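Listed here are the chains, written in short residue letters.
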Amino acid sequence: MCDHKDGEKLMPATSGGGGWPMSVWLTPDLKPFAGGTYFPPEDGVHRVGFRTVLLRIAEQWKENKDSLLESSRKILEALQHVSEIRVRGQESPPPSKEVMATCFQQLSNSYDEDYGGFSKSPKFPSPGQSCLAVEPLHGAGSTGGAEHTPELSHRITEC
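Computed from a predicted model, the values in this text were never measured in an experiment.

**Focus: the overall build of the chain**
Point 1. Each helix and strand in the chain was counted, giving six helices and two strands.
Point 2. Moving toward the C terminus, one meets the helices and strands of the chain in the order α-β-β-α-α-α-α-α.
Point 3. Split into buried and exposed, the 159 residues of the chain put 26% on the buried side.
Point 4. Taking the contacts inside the chain whose residues are at least 6 apart along the sequence as the reference set, 47% of them involve residues at least 24 apart.
Point 5. Carbon and sulfur atoms make up 54% of the accessible area of the chain, which totals about 11100 Å².

**Details of helix 4 (residues 96-109)**
Point 1. In this model, helix 4 (14 residues) spans 20 Å end to end at C-alpha, consistent with the 20 Å of a helix rising 1.5 Å per residue.
Point 2. Phe104, Leu107 and Ser108 are the residues of helix 4 that are buried. Angular distribution of buried residues about the axis of helix 4 spans 95 degrees; they occupy a single face of the element. Exposed positions of helix 4 whose direction lies more than 90 degrees from the buried face are Gln106 and Asn109.

**Side note on the packing of helix 2 (residues 50-63) against helix 3 (residues 65-83)**
Point 1. Close contact between helix 2 and helix 3 brings their axes to 5 Å; oriented N to C, the two are set at 105 degrees. By the criterion of interaxial angle, the relationship of helix 2 to helix 3 is roughly perpendicular. Contacts between helix 2 and helix 3 involve Gln60, Trp61 and Glu63 from the first element and Lys65, Leu68 and Leu69 from the second.
Point 2. For the contact of helix 2 with helix 3, the per-class residue count stands at three nonpolar, one polar and two charged.

**Thoughts on the nonpolar core**
Point 1. Trp25, Phe33, Ala34, Val53, Ile57 and Leu68 together form the largest nonpolar core, which totals six residues.
Point 2. Of all elements in the fold, only strand 2 (32-37) and helix 2 reach the threshold of two or more residues within this core.
Point 3. With sequence-adjacent residues up to four places away left out, Ala34 is seen in contact with Ser23, Val24, Trp25 and Ile75.

**Let's talk about helix 2**
Point 1. Helix length check: helix 2, at 14 residues, gives a terminal C-alpha distance of 20 Å against a target of 20 Å (1.5 Å per residue), a fit within 8%.
Point 2. Of the residues making up helix 2, those classed as buried are Thr52, Val53 and Ile57. Down the axis of helix 2, the buried side of the element spans an arc of 130 degrees, and every buried residue falls inside it. Exposed and oriented more than 90 degrees from the buried face of helix 2 are Arg51, Lys62 and Glu63.

How each quantity is defined
- Residues numbered from 1 in each chain as written.
- Predicted model: local features only at pLDDT ≥ 70, side-chain atom pairs only at ≥ 80, totals over all residues.
- Heavy atoms only, no water.
- Helix = DSSP H or I, 4+ residues; strand = E, 2+ residues; numbered from the N terminus.
- Buried < 20%, exposed > 50% of the residue type's maximum accessible area, 1.4 Å probe, protein only.
- Contact = heavy atoms within 4.5 Å.
- Areas by Shrake-Rupley, 256 points an atom, 1.4 Å probe, with all protein chains shown as cover.
- Expected span 1.5 Å × (residues − 1).
- Arc of directions from axis to C-beta.
- Axes fitted to C-alpha atoms, helices over the stretch in contact; angles between N-to-C directions.
- Parallel < 35°, antiparallel > 145°, perpendicular 65-115°, else oblique.
- Nonpolar A, V, L, I, M, F, W, Y, C, P; charged D, E, K, R; others polar.
- Core = buried A, V, L, I, M, F, W, Y, C linked by side-chain atoms within 4.5 Å.

Below, the structure written as structure tokens:
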């Protein structure tokens, strides 16, 4: 199963960065209002620990809920903006199979056969890469580059 489709876009919308592991805090109606990547268990010299983050979020939820809800609104606005389909010179987007074929071919071309993973770094695949790599196995994706699919999928499961 793949992570939330907007997960990769959420972190830049909340903190300007991305990464793994990703923590996202949601309102009771499941709208994101805060997020970050890697919080150590305990506070350190340069990083706030996960427990401290949880306590601060709980405190802010009690004392400053309206501000957090406004943050949530802005995050969702940013996600909607980056999720819009933009097509140059076309009235409608290309067919999804064509898009999938292009995406899979690009992913396949970036595969590092010597060390696994994609491109130079990071070697750990993003959720989108994982989903895309196994898509042809389900018959909904491209046949272009499908010869790498079993190996791509195997390498991903080794992580």
